[in-house]
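Structural characterization, general
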Amino acid sequence: DARVTQTPRDKVTEMGQEVTMRCQPILGHNTVFWYRQTMMQGLELLAYFRNRAPLDDSGMPKDRFSAEMPDATLATLKIQPSEPRDSAVYFCASGLGAGGGYYGYTFGSGTRLTVV
Amino acid sequence: DQQVKQNSPSLSVQEGRISILNCDYTNSMFDYFLWYKKYPAEGPTFLISISSIKDKNEDGRFTVFLNKSAKHLSLHIVPSQPGDSAVYFCAARRSYGGATNKLIFGTGTLLAVQP
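The text that follows walks through the structure, step by step, so that each part is easy to find. Values in this document were obtained by computation on a predicted structure and should not be read as measured data. (Residues numbered from 1 in each chain as written. Chains lettered and ligands numbered in written order. Predicted model: local features only at pLDDT ≥ 70, side-chain atom pairs only at ≥ 80, totals over all residues. Heavy atoms only, no water.)

Some details on the sheet that holds strand E7 (residues 65-71) of chain A
All names here are of chain A. Spatial ordering of the open sheet is given by E1-E3-E8-E7, a layout of four strands whose pairing is antiparallel. Only two strands of the sheet have a single partner each, and these edge strands are strand E1 (5-7) and E7. Put simply, the sheet's adjacent strands are angled 20 degrees from each other on average, direction ignored. Note: strand E3 (residues 19-24) against strand E8 (residues 74-79), five bridges, orientation antiparallel. The residue of E8 that forms the bridge with Cys-23 is Ala-75. (Pairing = 2+ DSSP bridges. Helix = DSSP H or I, 4+ residues; strand = E, 2+ residues; numbered from the N terminus. Axes fitted to C-alpha atoms, helices over the stretch in contact; angles between N-to-C directions.)

Structural notes on the environment of Ala47(A)
All names here are of chain A. Counting through the fold element by element, Ala-47 comes out in strand E5 (residues 42-50). Overall, the relative accessible area of 3% leaves Ala-47 in the buried class. Ala-47 sits 30 residues away from Leu-77 along the chain, and the two C-alpha atoms are 9.2 Å apart. Every residue in contact with Ala-47, bar those within four places of it in the chain, is listed here: Val-32, Phe-33, Trp-34, Asp-56, Asp-57, Met-60 and Ala-67. (Buried < 20%, exposed > 50% of the residue type's maximum accessible area, 1.4 Å probe, protein only. Contact = heavy atoms within 4.5 Å.)

Some details on the nonpolar core
Core analysis: the biggest nonpolar cluster contains 24 residues, and Phe33(B), Trp35(B), Leu73(B), Leu75(B) and Tyr88(B) have the highest contact counts within it. Considering every element that reaches this core, the biggest residue donor is strand E9 (residues 86-93) of chain B, with four residues. (Core = buried A, V, L, I, M, F, W, Y, C linked by side-chain atoms within 4.5 Å.)

A few points about the sheet that holds strand E6 (residues 56-59) of chain B
Residue and element names in this part refer to chain B. Ordered in space as E1-E3-E8-E7-E6, the five strands form an open sheet in which the pairing is antiparallel. Looking at which strands have only one partner, the edges of the open sheet turn out to be strand E1 (4-5) and E6. Here two bridges tie E1 to strand E3 (residues 19-25), and the two strands are oriented antiparallel to one another. Along E3, the bridge assignment pairs Lys-5 with Asp-24.

Regarding the environment of Phe62(B)
Residues and elements named next belong to chain B. Residue placement: Phe-62 occurs in strand E7 (residues 62-67). Using a relative accessible area of 12% as the deciding quantity, one classes Phe-62 as buried. Measuring from C-alpha to C-alpha, the distance between Phe-62 and Arg-17 comes to 13 Å, with 45 residues separating the pair along the chain.

Quick notes on the state of the cysteines
Applying the stated criterion across every chain yields a total of two disulfides over all chains. The disulfide bridge from Cys23(A) ends at Cys92(A), spanning 1.9 Å between sulfur atoms. With the S-S dihedral at roughly -60 degrees, the linkage between Cys23(A) and Cys92(A) falls on the left-handed side. With Cys23(A) in strand E3 and Cys92(A) in strand E9 (residues 88-95), this residue pair connects regions lying 69 residues apart in the sequence. Taken as a pair, Cys23(A) and Cys92(A) share a single burial class, namely buried. Residue Cys23(B) pairs covalently with Cys90(B) via a disulfide, S to S 2.0 Å. Disulfide Cys23(B)-Cys90(B): the torsion about the S-S bond is -75 degrees, which places it as left-handed. With Cys23(B) in strand E3 and Cys90(B) in strand E9, this pair connects stretches of sequence that are 67 residues apart. For Cys90(B), a relative accessible area of 1% gives the class buried. (Disulfide = S-S within 2.5 Å.)

Quick notes on the packing of aromatic side chains
The full count for this structure, using the stated rule, is 13 aromatic pairs over all chains. Ring centres of Phe107(A) and Phe105(B) lie 5.8 Å apart, and the angle between their planes is 85 degrees; this geometry places the pair in the edge-to-face category. With Phe107(A) in strand E10 (residues 106-107) and Phe105(B) in strand E10 (residues 104-105), this residue pair bridges two chains. For Phe105(B), a relative accessible area of 2% puts it in the buried group. Between Phe89(B) and Phe105(B) the ring centres are 6.2 Å apart and the planes differ by 85 degrees, which places this aromatic pair in the edge-to-face class. Of this pair, Phe89(B) sits in strand E9 while Phe105(B) sits in strand E10, and the two are 16 residues apart along the sequence. Overall, Phe89(B) belongs to the buried group, its relative accessible area being 1%. The rings of Phe33(A), Tyr35(A), Tyr48(A), Phe91(A), Tyr105(A), Phe107(A), Tyr36(B), Phe46(B), Phe89(B) and Phe105(B) are connected pair by pair, giving a single aromatic cluster. (Phe/Tyr/Trp six-rings, centres within 6.5 Å; stacked < 30°, edge-to-face > 60°.)

This is the structure:
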């Protein structure tokens, strides 16, 4: 059963520290998304890649967030420096093609980030 | 600017009855709509979708209705079961157009089905 793998599952860090979240998309999927879940915004799109190229990162605070795909099997989301307002669950999702087809995208289980 | 809105944060329904979850959208360019279901500590999972060329799609106990003129869709669950208790997200996208065809999600509705 193919799945999107995210690490770490939980992360507690102090304000000002760097945080890196990792995602292994489903093999063969060429589109990767990063979403953040908050109570007020629901699932908020941060950035997305197609064929490893960044297509849209307009949802990301550029001064502290960065997203990359060093290769087709790894996507990273980095926050430096982290702030308490970054506390949320961060989801990675992957899919095929421009729209993800009938099923949309497959999500990982998320990284719960707490910044104290 | 919330392009996809779920105005009911929560809904409580008795087992066996119908659950109706609602979603409104503002962008008339959206042409494909999806519902995702999310259990605690898990990622959202796809439930059902509908293209804008249809007004209804059914899959077992789940039916999605689309009213394009009202920019409104709804998810009906009949009969509701305790295992349906989860957060339900509505999502929308444009199927064509390059970088604009990302999934835009609503804020979610927490459904509680009481035994």
